[in-house]
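Per-entry structural report
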Amino acid sequence: MQTSPAHAAHHDDREIETLEDFDATVSARGTLAGYRVQGVDLTDRTRELLTTDTAQAVFLGCPMREDAAAKVRADGALVFPPVPHLPFEPYRGHLYTPDELFASLEKGYEETPDALAYAWFQRTKADGDIFASMLRAVHDDSVSDALDELLRGAGVVGVMGGHAMARGTRAYAGAARLGRELSRAGFTVATGGGPGAMEAANLGAYAAPYDEAMLDEACRLLAKSPSFTPSITEWARAAFEVRTRWPKGNHSLGIPTWFYGHEPPNAFASHIAKYFANATREDGLLARSNAGVVFLPGAAGTVQEIFDNATPNYYQSRGEPTPMVLVDRAHWTERLPAWPLLQSLARERSMESRIALVDRIEQAPEALKRLGG
């Protein structure tokens, strides 16, 4: 089975994102000159900071003692101090995990870092504070940087679909089997990171190392809380119950947004790239799905994603067109006839051989393989 993309991450050699990285760099190189230290607590590294050259280094949100901060500034380093009383870390070096976003779930979803970040977003969005909008932008840029490091060299298949697909339905089980098959084939499954079809595909990837019975049983357990309404707390607890019973799931990626604050992230994506700006998130998700995208039945959001994805394929602005597979003929030709328009756009262009419409979700992996050449 493909190793987690996290283990393949080779970030910019000048970036230090953990205390281990910091110690290794100081002992091996003997200098921090020109390095970027991102969100690392350096309060217990005063001696190292006082005795190591930090010329032209940049410290992003790293707590340190006053004498250490004065010395590195005197060396000519830039120090961006931590921002107090924020419910998130704007200079974070890594993507989120479900455990991090749902910490304190036992007290109710409202107490989790995910909910607190959304509440902060709502407050600051309303008053148009330039400082708050800058912090959101810095945070989203840090998330994109961490995402690129994670996915270097990975083959990513995006699975798009609506949040309305309820647990316990045949459609949900089908989306989970799709995620499982893609994960077993060595792809990194990427979704919009929310409930419904997105959760199902992340669950399927999580279930990849286990047998058929595990996925059936997991779907049965989850069906007790079919939707994130009325209670996000109950909905999320059911997911953590599944993860506790089967703790060794495979990795996958969720890319959600606080812009849709009513929609919590799902707990089955091992890595969560959560953004404040929805446009950055949408484009980032599709741009990184380098091995193709599967579109399950959805409404306005999924229609938007089809054409957000079709445009760079049409102009080849990201290079060769990537495969696009639409699932459910009746949905995409009658209810929301996106397929005829996509076909017309693709006619006589190189993307024409990279699009497919299939009747059933089970046919999607084969279609992807065929289109991917």
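To start, this report covers the structure provided alongside it. Keep in mind it's a predicted model, so treat the numbers as computed, not measured.

With the rule as written, the count across this model stands at 13 aromatic pairs. An aromatic cluster of three or more residues is present, and its members are F88, Y96, W120, F121, W258 and F276. Of note, K125 hangs over the ring of F121, and the distance from its end group to the ring centre comes to 4.9 Å. Across the ring face of Y314, the terminal group of R349 is positioned such that the distance to the ring centre comes to 3.7 Å.

The next point concerns the environment of P63. Structurally, P63 is set in the loop between β3 (58-60) and α3 (66-75). Taking C-alpha positions, P63 is 20 Å from R136, a pair spaced 73 residues apart along the chain. The residues touching P63, leaving out its near neighbours within four places in the chain, are V40, D41, L42, T43 and P82.

Sheet architecture is open: 7 strands sit in the order β8-β7-β6-β5-β9-β10-β11, paired in parallel fashion. The sheet is open, and its two borders are formed by β8 (271-272) and β11 (355-358), each paired with just one other strand. The sheet contact formed by strand β5 (residues 156-160) and strand β9 (residues 293-295) spans 3 bridges and is parallel. Considered in β9, the bridge of G158 is made with V293. In the packing of helix α11 (residues 278-288) onto the sheet, the strands contacted are β5, β6 (188-191) and β9, and the crossing angle to β5 comes to about 130°.

A word on the nonpolar core. With 49 residues, the main nonpolar core has L178, L203, L222, V294, L296, V325 and V327 as its most contacted residues. Broken down by secondary-structure element, the contributors of at least two residues to this core are β5, α7 (170-184), α8 (197-206), α9 (212-222), α10 (232-245), β10 (324-327), β11 and α15 (364-372). In terms of residue count, the dominant contributor to this core is α10 (7 residues). With sequence-adjacent residues up to four places away left out, L296 is seen in contact with V159, M160, G161, A175, L178, A197, T302, V327, W332 and I361. L151, M160, A273 and M324 belong to the second-largest nonpolar core, a separate cluster that totals 30 residues.

Calculation rules
- Residues numbered from 1 in each chain as written.
- Predicted model: local features only at pLDDT ≥ 70, side-chain atom pairs only at ≥ 80, totals over all residues.
- Heavy atoms only, no water.
- Phe/Tyr/Trp six-rings, centres within 6.5 Å; stacked < 30°, edge-to-face > 60°.
- Lys NZ or Arg CZ within 6 Å of the ring centre and 35° of its normal.
- Helix = DSSP H or I, 4+ residues; strand = E, 2+ residues; numbered from the N terminus.
- Contact = heavy atoms within 4.5 Å.
- Pairing = 2+ DSSP bridges.
- Axes fitted to C-alpha atoms, helices over the stretch in contact; angles between N-to-C directions.
- Core = buried A, V, L, I, M, F, W, Y, C linked by side-chain atoms within 4.5 Å.
- Buried < 20%, exposed > 50% of the residue type's maximum accessible area, 1.4 Å probe, protein only.

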